[in-house]
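Chain residues, written in single-letter form:
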Amino acid sequence: MKKIRIIADDKIPFLRGALEDYAEIIYLPGKAIDKEVVKNADALITRTRTLCNEDLLAGSSVKFIATATIGYDHIDTAWCEAKGIKWTNAPGCNSSSVQQYMVSAFLNLFSSLQLEPSQITIGIVGAGKVGSKTALAAEALGMKVMLNDPPRARAENSKIFSNLADITREADIISFHVPLNKEGQDKTLGMAGSSFFSRLNKPVILFNTSRGPVVNGNELKKAIARGIVKAGVLDVWEHEPDIDMQLLDKVTFGTPHIAGYSTDGKVTGTAMTVKAVSHFFGLGLENWYPGNVPKPANELLVCDCTEKNETEIIKEIYLKTYDISDDDRKLRENPKNFEFLRGNYPVRREPPAYKVKLLSNSHGDLPVKLKKLGFDLQT
């Protein structure tokens, strides 16, 4: 059987070796995948850094595009579909990774701002796979959750959803987990702009781990300056990797688009991508999964609970799996390294890769909460 020809982003982890028996694969940086490179390709395996549109694909032999990411706004889907080019993304592949990022930020903010989780209401804008995972974690920590998702609200006719006006009035934390929609009734481009910030009823903590242009950076700077946003956590930025240095100075945590970059999330995204390519071309790899996933440096997390409250214990355990402060520090040390930090991100395993042993625990609900956050508890 003649091998297919694939152009693949060289930063997609665990991909090398998966398809070589079936395909001639050329690995390149995402920005280096150009019209000449893809001209004779049968398929592309991409990340968000490769714009898959008419400029890239016109006149090529590309039949299939697989992006190893949740987002697919880098693919001109209408043009591709009109030309008979099939495409797929990896929905939900890194939802648990973003959940881990959010929990790490929550726990750091609870300490620094002296917040009690049970007194906090979080408004989650976008209740897809990532937003739903964030909601579960917030509930496990004791927060009240409000969900906003107009497409789901229309489709499901459910009373579980709140409108955005209610969230801007009641929420203490507002977190965006939406796709980038540039037009239509569910437009999210510039969603957090001047009118959004003017509606806020009290100082809030604002998160954006979705797409940079969902939040207007200039308006966010103004909101932070006047105190209506008391803390900002940004993983995505307008015009990244050329980020707004003034905005970086103002947010509490700023990271280089790595919320979904856990090793587990990357493994899942790559596996979904390989299976999609296999299915399209009939390669027989529908059960493929990487076999060389690195383990955590320390799989057993032991915590002495003596004289510690529940939140302190959870923080001590959780930040051993991932501490957002480390990524924030690395970006501030050299913001020009944005792409380097993404492309060379270290191993980060999620809570299910760890076992937890509690010593002197007198908190009855603590084991239940830790299990809800993904940990395997040892007795």
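Each remark here, short or long, concerns the structure printed above.
The rules behind these values
Residues numbered from 1 in each chain as written. Predicted model: local features only at pLDDT ≥ 70, side-chain atom pairs only at ≥ 80, totals over all residues. Heavy atoms only, no water. Buried < 20%, exposed > 50% of the residue type's maximum accessible area, 1.4 Å probe, protein only. Helix = DSSP H or I, 4+ residues; strand = E, 2+ residues; numbered from the N terminus. Pairing = 2+ DSSP bridges. Right-handed = clockwise from strand over helix to strand, strands pointing away. Contact = heavy atoms within 4.5 Å. Salt bridge = Lys/Arg side-chain N within 4 Å of Asp/Glu carboxyl O.

A. A look at the pairing of strand 6 (residues 121-125). Among the five residues that make up strand 6, five are buried, leaving the element largely enclosed by the rest of the structure. Because side chains alternate across strand 6, one face comprises the buried residues Thr121, Gly123 and Val125, and the other comprises Ile122 and Ile124, equally buried. Two elements, strand 6 and strand 7 (residues 144-148), share five bridges in a ladder whose sense is parallel. Bridging from a neighbouring strand, Thr121 pairs with Lys144 of strand 7. Handedness of the crossover joining strand 6 and strand 7 through helix 5 (residues 129-141) is recorded here as right-handed. Where strand 6 lies against strand 8 (residues 173-176), four bridges are found, and the strand directions are parallel. When the sheet's bridge partners are listed, Gly123 is paired in strand 8 with Ile174.

B. Structural view of the side chain of Ser175. In this fold, Ser175 is placed in strand 8. Ignoring anything within four residues of it in the chain, the contact list for Ser175 reads Met102, Gly123, Ile124, Val125 and Phe207.

C. Inspection of the pattern of salt bridges at higher detail. Taken as a whole and assessed by the stated rule, the structure comprises 21 salt bridges. We note a salt bridge from Arg332 to Asp328, for which the minimum N-O separation is 2.9 Å. Within this pair, Arg332 and its partner Asp328 are both found in helix 13 (residues 324-333), separated by four residues, close to a single helical turn. Note on Asp328: relative accessible area 10%, which makes it buried.

D. Seen up close, the environment of Thr273. Positionally, Thr273 belongs in helix 11 (residues 263-281). According to the relative accessible area criterion, Thr273 is buried, its value standing at 3%. Expressed as a C-alpha distance, the spacing of Thr273 and Leu19, which sit 254 residues apart in the sequence, is 11 Å. Contacts of Thr273, omitting those with residues within four sequence positions, involve Ile45, Ala66, Thr67 and Ala68.

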